[in-house]
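# Breakdown of the fold
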Amino acid sequence: MSKFECELVNDLLPSYIEKKTSSQTNQFIEEHFRSCDECRELYEAMIEEVSIKNQPMPYKKKFRINSIGKMILIVLGYLAVVIIGLVVFTYIMTNGVI
Ligand SMILES: [Zn+2]
């Protein structure tokens, strides 16, 4: 691995962590991580430092899980309505109108 690439990645890491880099840059950095343990370890250390400092990551993660949970609840609620509707419909169809 060329030293130049390492230096480039190190320069880009702060922006990369703040998600300010372009997708092409992200791809370059991620590809570099795969072949360079040194830079990946540096990146992981920096991420830890950032998340300890202002903890935006755990909050974001929690928020994402919450919204997924909400979506599941909505889908389950919708399914319950559909199933109840089907049961009532089948009951009416088999027993005639109430
Ligand atoms: Zn490197």
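All values reported here derive from a predicted model rather than from experimental measurement. (Residues numbered from 1 in each chain as written. Predicted model: local features only at pLDDT ≥ 70, side-chain atom pairs only at ≥ 80, totals over all residues. Heavy atoms only, no water.)

### Let's talk about the packing of aromatic side chains
Inspection of the entire model under this criterion finds 3 aromatic pairs. Ring geometry for Y16 versus F33: centroids 6.1 Å apart, planes at 75°, classification edge-to-face. With Y16 in helix α1 (residues 3-17) and F33 in helix α2 (residues 23-35), this residue pair connects regions lying 17 residues apart in the sequence. What makes Y16 buried here is its relative accessible area of 11%. Taking the centre distance of 5.3 Å and the plane angle of 55° together, the rings of Y16 and Y43 count as tilted. In this pair, Y16 sits in helix α1 while Y43 sits in helix α3 (residues 37-54), placing the two residues 27 residues apart along the sequence. For the pair Y16 and Y43, one class covers both residues: buried. Put simply, the rings of Y16, F33 and Y43 pair up and form one aromatic cluster. (Phe/Tyr/Trp six-rings, centres within 6.5 Å; stacked < 30°, edge-to-face > 60°. Helix = DSSP H or I, 4+ residues; strand = E, 2+ residues; numbered from the N terminus. Buried < 20%, exposed > 50% of the residue type's maximum accessible area, 1.4 Å probe, protein only.)

### A few points about a negative patch on the surface
Residues E38, E41, E44 and E48 make up a contiguous surface patch of negative charge. Relative to the helices and strands, E44 is located in helix α3. Looking at E44, the relative accessible area reads 42%, which means it is partly exposed. (Patch = residues over 30% accessible without salt bridge, like charges linked within 9 Å, V, L, I, M, F, W, Y side chains within 5 Å. Areas by Shrake-Rupley, 256 points an atom, 1.4 Å probe, with all protein chains shown as cover. Salt bridge = Lys/Arg side-chain N within 4 Å of Asp/Glu carboxyl O. Lys, Arg positive; Asp, Glu negative; His and termini not counted. Charge placed at Lys NZ, Arg CZ, Asp CG, Glu CD.)

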